[in-house]
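Tertiary structure, described
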Amino acid sequence: MSASLVGQACILVALVAAAFGSVTAFVLTRRGDPRGHAFAVRAAVVFFCAMLAANLTMVSALVGFDFSVQYVAQVGSRATPLVFRIVSLWSALEGSILFWGLILSGYVAAFAWRYRKEEARFIPYAVGSMLAVGVFFAFLIAGPATPFTEVSPVPPDGPGPNPLLQNHILMVVHPPILYLGYVGMTVPFGVALGALVSGEFSERWMAPLRRWTMIGWGFLSCGIIIGAWWAYAVLGWGGYWAWDPVENASFLPWLTATAFIHATIVEERRHMLKAWTLSLALATFALTILGTFMTRSGVFNSVHSFTQSDIGPTFLVFIVLIVVVSAVLLALRSHLLVSTGRIQSAVSRDAAFFLNNLLFVALTFTVLLGTVYPLIAEAVRGVKVSVGEPYFNKMAVPMGITILFLMGVGPALPWGQATKQSLRQMWPSVSTAIVVVIFCVAYGYREPGALVTFALAGFAANITLREMFLPIRVRMREKKEPLLTALGESVRRAQRRMGGYVVHLGVITIFVAIAASQSYVTHAQATLKAGDTMQTQQYTLAFKEIVQGQEGNRRFVAAKVQVTSASGSTFELLPRVNYYPRSTDPIGSPAVHDTALGDLYLSLLAHDPAAQTVTLNTWFFPLVSWIWWSIPFFVIGTLISLWPVRARVQAPAPPPPRDAEGASA
Amino acid sequence: MKINWSLVITGLVLAAALAWVLGKGFGRDPHEVPFMLTGKPAPAFTLERLDGAKGEAKLADFAGKPLILNFWSTWCGPCKIEHPVIEWGFGKFGDRVQFVGVVYQDSRENVDAFLRESPPKYAMLFDENGRAAVDYGLAGVPETYFITKDGKIRYKHVGPLDPSRLTQEIRALLEDAPK
């Protein structure tokens, strides 16, 4: 049997399983029949197995050069190395949706299995909703975006995947992690719908909603940072973020998911913002689907966009459906979602969280508006416009800085109402900010935007570290515990808080890195003959020769540059251009010398082997690598928050006074 | 059952607006480079000549006949592939249409070496500081502007031209049919 047929059969099984599971979950659970839940769990497992089989079929076709499968004929090539043949699975539209289907089915099956013994009524509805999303994707893979069409006559070879994707190993990591983040938001969406359909708004649904959002959020954060890293390491323009529609597409659900995670804390503590929290979970999913639409409909102009395709209208119908269903369900249940708590004072942790949420949502709207504005202008006024970096930077930077400020102030303020004492406790942090400013000014770093960012970063880092170490110190002093025990106990007793603070440290690191690398970048460009030198920051660059060669399926031209640092140490950098067969455009591959204080970044702009001249674009980016080195903070922080613990019975208690909380919460 | 109609209406309006705006975009080419100068007068320039004629050339010097303005560089592979096509077009249509090459973001030595090896058959100019490229909204090379005899940009082609596309655009330019 041909791979095409096997693949199509698997997808059909997946489609039927998802549809069956979804329908039975809703119909039987509505009738009060517990078999609805059992059927949904089994259907979810079958859905996963079928998707896995379909993906394995495609990978084996890619690896084994089965050009009778249309997708392999489109992206496969005998010249592509093994790892990139596997990666080709997500290098073009149809394959990426197939891979999406696999991750989705994995999440649905994992959720269904994890809660298979849970009796709450919202669970079968949640699984049913997720399977309904599965129906949509299985339908896409079976019909409008099928990769399994049989090609006849079978071509002897194919063009290979997009050269940009073959150029760097990060491409192997970036899409799966980002997809795990994106697709992961299906689970909170399912849980939110499940809660809305069942009308069950006890504390029980909030915990899975929060946990599964955290999983997706962790992946999404890492995926976005790795994407920025990839752009920096591959695209050769020295940047890492360009407010490209597809970058925005991943940033939008991240913003609402971040807002959601903070909102759940307020919901839990103060019993406020229930409807708001649910809306954020629903919006996050809608934005992931909108993001997928942006990449795959051919409507947006972007470095990521796949070729024009016919799946746009199908996606649009799905987006409309999500928005309408979410709005109607919220409308039906809004009387059950009334807040019982209130914000008592503007100077309190509640207010800081609330303001944080408003800012995140305002930032979401700002970015969304900037992204779709060209489409709105064209639809309404018939003119073509493009919204560039200046708009986004102008709008996002002040909001980002305010968020950084709140990240410091929020944890320092008590719930309810701030006391004079809690405000006085902020003095050491304010002094840190002042010291940072004095230090920066003394060393000549006087750019106002960067100065404000560094100061607030110092302020927020001081408070975050204090909040992390205060309970440890208290335990060591009062319970005479050794450091490690006190640390372990403090983390165990306040997992989510500690995890959150670790993530905050990562975010502070990113803020500092962005401010430094944007404000103090040095750029130079020069055409050099062999033996010529140029200067970038403290480095002297001497161009030696042009090196050419063949490497697997690509030819390369590189400039051998000897770099001498101020300390006298020398090393060699080889910025290069790769030429892939069947690609008319050369793919630049910058060379980066990465140090903790900054990166020397060389990009080969032009070369003339006959004259032995090269034109080099050189940059020095201070602290830029801190952006990627913040990933461990996100991973560790998320893991600490999510680490399974035995459930403790907790009676809802009024918020404790601030000092007690700092020591034991 | 209580229902919050304002929420329903907000959702419906939002969905309709999204569908309308996003739906309008179908059929677009995602890789199309936005270009605002179509139908507008071609921006004036004064650039150094690199061909046999010495001194500077202005846009006004080329008035009277349709003009094909081709931006290129020696470092750009596709430009080198395109070069013979433009020369072929000049051979075929050179009596009715003017051809002008503009070298963009390049070093003088590289350009001189290139032109020594293949001397230009048509006017060749040097956009040393990239001023003309900015005025023309150049997004990359090669890009070719088709300018009518009354000095308006009729069409911009992004990427290397092939003979059939070049012929098609020159014919349209000569007929001055509305784009």
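Residues numbered from 1 in each chain as written. Chains lettered and ligands numbered in written order. Predicted model: local features only at pLDDT ≥ 70, side-chain atom pairs only at ≥ 80, totals over all residues.

A closer look at the overall build of chain B
- Looking only at helices and strands, chain B features five helices and seven strands.
- Secondary structure elements of chain B, listed N to C terminal, follow the sequence α-β-β-β-α-β-α-β-α-β-β-α.
- Along the first, second and third principal axes, the C-alpha set of chain B runs to 85 × 35 × 30 Å.
- Expressed as a percentage of the 179 residues in chain B, the buried residues total 34%.
- A separation threshold of at least 6 residues defines the contact pool for chain B, and within that pool the share at least 24 residues apart is 72%. (Helix = DSSP H or I, 4+ residues; strand = E, 2+ residues; numbered from the N terminus. Buried ≥ 20, exposed ≤ 12 C-beta atoms within 10 Å, placed from the backbone. Contact = placed C-beta atoms within 7 Å.)

Some remarks on the overall build of chain A
- Each helix and strand in chain A was counted, giving 23 helices and 10 strands.
- The C-alpha radius of gyration of chain A comes to 27 Å, within 12% of the 26 Å expected for a compact globule of 665 residues.
- Reported as C-alpha extents along the three principal axes, the dimensions of chain A are approximately 80 × 70 × 60 Å.
- Out of the 665 residues in chain A, the part that is buried amounts to 52%. (Rg over C-alpha atoms; globule rule 2.2 N^0.38 Å.)

A word on the nonpolar core
Residue and element names in this part refer to chain A.
- Membership of the largest hydrophobic core comes to 246 residues, with the highest contact counts inside it found for A14, A44, F47, V108, V127 and L131.
- By residue number, the principal contributor to this core is helix α10 (residues 206–234), which donates 17 residues.
- Ignoring anything within four residues of it in the chain, the contact list for A44 reads G21, V108, A109, A112, V127 and L131. (Core = buried A, V, L, I, M, F, W, Y, C linked by C-beta atoms within 7 Å.)

With respect to the pairing of strand β3 (residues 539–551) of chain A
Residue and element names in this part refer to chain A.
- Sheet topology places strand β2 (residues 533–536) next to β3; four bridges connect them, and they run antiparallel. Bridging from a neighbouring strand, Q535 pairs with T540 of β3.
- Across 11 bridges, the pairing between β3 and strand β4 (residues 554–564) is antiparallel. Of the residues in β4, the one forming a bridge with Q550 is R555.
- Remark: two residues form the turn of the hairpin made by β3 and β4, two consecutive strands paired antiparallel; G552 in that turn has positive phi of roughly 60 degrees. (Pairing = 2+ DSSP bridges.)

Concerning the sheet that holds strand β1 (residues 46–49) of chain B
All names here are of chain B.
- Strand order across the open sheet formed by seven strands is β2-β1-β5-β4-β3-β6-β7, with mixed pairing between neighbours. Only two strands of the sheet have a single neighbouring strand rather than two, namely β2 (56–58) and β7 (153–158). The mean inter-strand angle of the sheet, taken between neighbouring strand axes irrespective of direction, is 30 degrees.
- Inspection of the sheet shows strand β3 (residues 67–72) paired to strand β6 (residues 143–147) by five bridges, in the antiparallel sense. Counterpart to I68 in the pairing with β6 is F146. (Axes fitted to C-alpha atoms, helices over the stretch in contact; angles between N-to-C directions.)

Observations concerning unusual backbone geometry
All names here are of chain A.
- A positive phi angle is found at W243, which is not glycine, with a value near 55 degrees.
- Residue position: W243 is located in the loop between α10 and α11 (245–270).
- Even without being a glycine, L623 presents a positive backbone phi close to 60 degrees.
- The exposure class of L623 is buried, given the 20 C-beta atoms found within 10 Å.

Here we look at the sheet that holds strand β8 (residues 591–594) of chain A
Residue and element names in this part refer to chain A.
- Spatial ordering of the open sheet is given by β1-β10-β9-β8, a layout of four strands whose pairing is antiparallel. Looking at strand neighbours, the two that pair on one side only are β1 (522–529) and β8, the edges of this open sheet. Averaged over all pairs of adjacent strands, the angle between their axes in this sheet comes to 20 degrees, without regard to strand direction.
- Across four bridges, β8 lies against strand β9 (residues 598–608) in antiparallel orientation. Within β9, the position partnered with H593 by the bridge is L600.

What to know about helix α1 (residues 5–24) of chain B
- Its 20 residues place the ends of α1(B) 28 Å apart at the C-alpha level, agreeing with the 28 Å of an ideal helix rising 1.5 Å per residue.
- In this fold, the buried residues of α1(B) make contact with α12 (274–296), α13 (312–333) and α14 (349–381) of chain A. (Expected span 1.5 Å × (residues − 1).)

Brief notes about the domain arrangement of chain A
Residue and element names in this part refer to chain A.
- Domains assigned within chain A are domain 1 (1–161), domain 2 (406–411 + 420–519 + 630–644 + 659–664) and domain 3 (522–626).
- Here the C-alpha centre of domain 3 lies 38 Å away from the C-alpha centre of domain 2.
- Across the contact, six residues belong to domain 2 and five residues belong to domain 3.
- Residues belonging to the side of domain 2 that touches domain 3 are distributed by class as follows: three nonpolar, three polar and no charged. (Domains from an automatic or database assignment. Nonpolar A, V, L, I, M, F, W, Y, C, P; charged D, E, K, R; others polar.)

What to know about the packing of helix α9 (residues 186–198) of chain A against α13(A)
All names here are of chain A.
- Between α9 and α13, the least distance of the axes is 9 Å, while the angle of their chain directions is 40 degrees. It follows that α9 is oblique to α13 by the angle criterion. At the point where α9 passes α13, the crossing takes the left-handed sense. Residue-level inspection shows L193, L196 and V197 of α9 in contact with α13, the latter providing L329, L330 and R333.
- Partitioning the contact of α9 with α13 into residue classes produces five nonpolar, no polar and one charged. (Parallel < 35°, antiparallel > 145°, perpendicular 65-115°, else oblique. Left-handed = near helix turned anticlockwise from the far one by under 90°.)

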